[in-house]
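Notes for the structure review
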Amino acid sequence: MKKLLVAFAAVAAFSAHAADTLTVAATPVPHAEILEFVKPALAKEGVDLRVKVFTDYIQPNVQVAEKRLDANFFQHQPYLDEFNKAKTTNLVAVTGVHLEPLGAYSSKYKTLAELPGGANVVIPNDATNGGRALLLLAKAGLIKLKDSNNILSTVKDITENSKDLKFRELEAATIPRVLTQVDLALINTNYALEAKLDPAKDALVIEGSDSPYVNILVSRPDDKDSAAMQKLVTALHSPEVKAFILEKYKGAVVPAF
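Scope of this entry: the structure provided in the associated data block.

Analysis parameters
Residues numbered from 1 in each chain as written. Predicted model: local features only at pLDDT ≥ 70, side-chain atom pairs only at ≥ 80, totals over all residues. Heavy atoms only, no water. Helix = DSSP H or I, 4+ residues; strand = E, 2+ residues; numbered from the N terminus. Buried < 20%, exposed > 50% of the residue type's maximum accessible area, 1.4 Å probe, protein only. Contact = heavy atoms within 4.5 Å. Areas by Shrake-Rupley, 256 points an atom, 1.4 Å probe, with all protein chains shown as cover. Lys, Arg positive; Asp, Glu negative; His and termini not counted. Charge placed at Lys NZ, Arg CZ, Asp CG, Glu CD. Phe/Tyr/Trp six-rings, centres within 6.5 Å; stacked < 30°, edge-to-face > 60°. Expected span 1.5 Å × (residues − 1). Bend = angle between axes of the 7 residues up to and from the residue. Pairing = 2+ DSSP bridges. Axes fitted to C-alpha atoms, helices over the stretch in contact; angles between N-to-C directions. Right-handed = clockwise from strand over helix to strand, strands pointing away.

Here the focus is the overall build of the chain. Secondary structure assignment for the chain yields nine helices and 13 strands. A buried classification covers 49% of the 257 residues belonging to the chain. Sequence-distant contacts, at least 24 apart, represent 73% of the contacts inside the chain between residues at least 6 apart. Here the chain has roughly 12,500 Å² of accessible surface; of this, 54% comes from carbon and sulfur atoms. Across the chain, the mean location of the 29 positive side-chain charges is 3 Å away from that of the 30 negative side-chain charges.

Okay, structure coming up:
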């Protein structure tokens, strides 16, 4: 009986210390950095958080849908909606975490007014971020669109282009690399930060706090409410994470909780 009790105690001790593993895909900045920050707090809660870094917007969703990963953290709801529709997936938002304002950058000009006629402008080639870029330019007065509220606007929806801007669409991750080759580039904040740009100082125009593009933690319906996932949600919404975001990103990334 004594041996059985010792064995039972050993199993109980092992179970108490055995961590649930949660593997989450993330783009490097700021998503992976935020996840790395919460790792110690999650470890204390019995969750072994493993962060897998991606530099594209496709594979993180594909691999979660295929159950190769538990969740991802890189996108906003409009992008997820469009992805689910295009790929017939059923990924769901778990929670909102922060906002990364999209901005327009130039290595040649200091204001939008300086842009010459026929200026070359590059925007993201995915439907939601491309539309988001056009809405920002419309709000800044550079162009007019058929519907200024249509988040899926394309260059075909431009009704007025007084500067005769020449638009080119590229994968969002590659846009910072061509910044010096074009007149204006619309860049997502995570990629701007990776390129050592300071959105608060370098962007000629940037989205305001009224932007609907809050970045979300995404998973499958069967994993959304798991104990480990909810512990991650609690950690991401902690006062410590809010302070970390405000201090580290100086307004380039804004807490959404």
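With that out of the way, let us pick up helix 4 (residues 77-87). Inspection of helix 4 places P78, Y79, L80, F83 and N84 among the buried residues, and these make up the whole buried set. The inward-facing, buried residues of helix 4 contact helix 3 (59-65), strand 3 (71-76), strand 4 (92-99), helix 5 (127-139) and strand 12 (214-219). After helix 4 finishes, the residue T88 shows a positive phi value of roughly 50°.

Attention now moves to the packing of aromatic side chains. Throughout the structure, instances matching the rule amount to seven aromatic pairs. Taken together through their ring pairs, the aromatic side chains of Y57, F74, Y79, F83 and Y191 make up a single cluster.

Attention now moves to helix 2 (residues 28-44). For helix 2, with 17 residues, the first-to-last C-alpha span of 24 Å sits near the 24 Å given by 1.5 Å per residue. Largest kink in helix 2: about 40°, centred on V38, with the proline P40 one to four residues after it. Those residues of helix 2 that fall on the buried side of the exposure criterion are P28, V29, P30, H31, A32, I34, L35, V38 and L42.

The mixed open sheet is built from five strands, whose spatial order is 9-6-10-5-11. Two strands in the sheet have a free side with no partner beyond their single neighbour: strand 9 (166-170) and strand 11 (205-206). Across the sheet, helix 5 touches strand 5 (103-105), strand 6 (120-124), strand 9, strand 10 (184-187) and strand 11, and the angle it forms with strand 6 is around 135°.

So, about unusual backbone geometry. With an omega of -5°, the peptide bond between V29 and P30 qualifies as cis. If you trace the backbone, P30 turns up in helix 2. Residue K196 is not a glycine yet carries a positive backbone phi of 65°. Along the chain, K196 turns up in the loop between helix 6 (189-194) and helix 7 (199-202). Relative accessible area serves as the criterion here: at 74%, K196 is assigned to the exposed category. Positive phi, normally seen in glycine, also occurs at K250, with a value near 50°. Structurally, K250 can be placed in the loop between helix 9 (239-249) and strand 13 (254-255). Residue classification places K250 among the exposed residues on the basis of a relative accessible area of 54%.

What follows deals with the pairing of strand 2 (residues 47-53). On any regular strand, side chains alternate: one points to one face of the sheet, the next to the other face. Of the pairings in the sheet, the one linking strand 1 (residues 20-26) to strand 2 comprises seven bridges and is parallel in character. Looking across to strand 2, one finds that V24 is bridged to V51. Regarding the hand of the β-α-β motif, the stretch spanning strand 1, helix 2 and strand 2 is right-handed.

Take it as geometry only, folks, not as evidence of what the structure does.
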